[in-house]
Amino acid sequence: MQSITININNDKLLEKVTWLLEHFKKDGLEIVSKDDLDDLKLLKATRNEDSIPFENYLRNED
């Protein structure tokens with residue numbers, strides 16, 4: 001898979017580029033915002049951390 005980053009500072013141009021790219025989704029194009037990508041990387045980094053059941057979390061809320 002290849003990745004590219006496009007920086008757009010103009011909202012109108014962003015709308016046009018997004019509209020164009022949307023037409024390639026049926027061919028397998030995936031559109032991910034930089035913010036979403038950063039969030040996914042942070043989430044992935046927590047995969048190996050210990051966790052507790054949500055019920056225990058609520059029990060120890062105070």
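A quick note: this is a predicted structure, and the numbers were derived from the prediction, not measured. (Residues numbered from 1 in each chain as written. Predicted model: local features only at pLDDT ≥ 70, side-chain atom pairs only at ≥ 80, totals over all residues. Heavy atoms only, no water.)

1. As for the overall build of the protein
- The helix and strand tally for the protein stands at three helices and zero strands.
- Across the protein, helices and strands are ordered from the amino to the carboxyl terminus as α-α-α.
- Computed over the C-alpha atoms, the radius of gyration of the protein is 19 Å, more than 25% above the 11 Å expected from 2.2 N^0.38 for a compact globule of 62 residues.
- Along the longest, intermediate and shortest principal axes, the C-alpha atoms of the protein span 50 × 25 × 20 Å.
- Across the 62 residues of the protein, 0% fall into the buried class.
- Just so you have it, the protein exposes about 6700 Å², and 52% of that area is on carbon and sulfur atoms.
- Looking at the protein, you have 9 positive and 14 negative side-chain charges, and the mean spots of the two groups are 8 Å apart. (Helix = DSSP H or I, 4+ residues; strand = E, 2+ residues; numbered from the N terminus. Rg over C-alpha atoms; globule rule 2.2 N^0.38 Å. Buried < 20%, exposed > 50% of the residue type's maximum accessible area, 1.4 Å probe, protein only. Areas by Shrake-Rupley, 256 points an atom, 1.4 Å probe, with all protein chains shown as cover. Lys, Arg positive; Asp, Glu negative; His and termini not counted. Charge placed at Lys NZ, Arg CZ, Asp CG, Glu CD.)

2. Thoughts on a nonpolar patch on the surface
- On the surface, Trp19, Leu20, Phe24, Leu29 and Ile31 cluster together to form a nonpolar patch covering roughly 500 Å² of accessible area.
- On the secondary structure map, leucine 29 appears in the loop between α1 (11–22) and α2 (34–45).
- What makes leucine 29 partly exposed here is its relative accessible area of 34%. (Patch = residues over 30% accessible without salt bridge, like charges linked within 9 Å, V, L, I, M, F, W, Y side chains within 5 Å. Salt bridge = Lys/Arg side-chain N within 4 Å of Asp/Glu carboxyl O.)

3. Some thoughts on α2
- The end-to-end C-alpha distance of α2 is 17 Å, a good match for the 16 Å that 12 residues give at a rise of 1.5 Å each.
- Within α2, only zero of the 12 residues are buried, which leaves the element largely exposed. (Expected span 1.5 Å × (residues − 1).)

4. A closer look at the layout of surface pockets
- Considering only enclosed or pocket space, the largest pocket measures out at about 820 Å³ in volume.
- Considering the residues around the largest pocket, the lining is formed by 21 residues, among which Ile4, Thr5, Glu30, Ile31 and Val32 are closest to the centre.
- Contributions of two or more residues to the lining of the largest pocket are made by α1 and α2.
- In terms of residues, the lining of the largest pocket owes the most to one element, α1, which gives four residues.
- Here the residues of the lining of the largest pocket sort into 12 nonpolar, seven polar and two charged. (1 Å grid on protein atoms, 1.4 Å probe; cavity = no way out; pocket = protein on both sides within 12 Å on 5 of 7 lines; lining within 4 Å. Points joined across faces, edges and corners; volume = space filled by probe spheres on them. Nonpolar A, V, L, I, M, F, W, Y, C, P; charged D, E, K, R; others polar.)

5. Considering the pattern of salt bridges
- Counting across every chain of the model gives one salt bridge.
- Residues glutamate 22 and lysine 25 are paired through a salt bridge, measuring 3.3 Å at the closest nitrogen-oxygen approach.
- You can call lysine 25 partly exposed: its relative accessible area is 41%.

6. Observations concerning the confidence of the model for the protein
- Counting all residues, the mean pLDDT for the protein is 85, and 97% of those residues have values of 70 or more.
- Across the protein, α1 holds the top mean pLDDT of 96, while α2 sits lowest at 79. (pLDDT = per-residue confidence, 0-100.)

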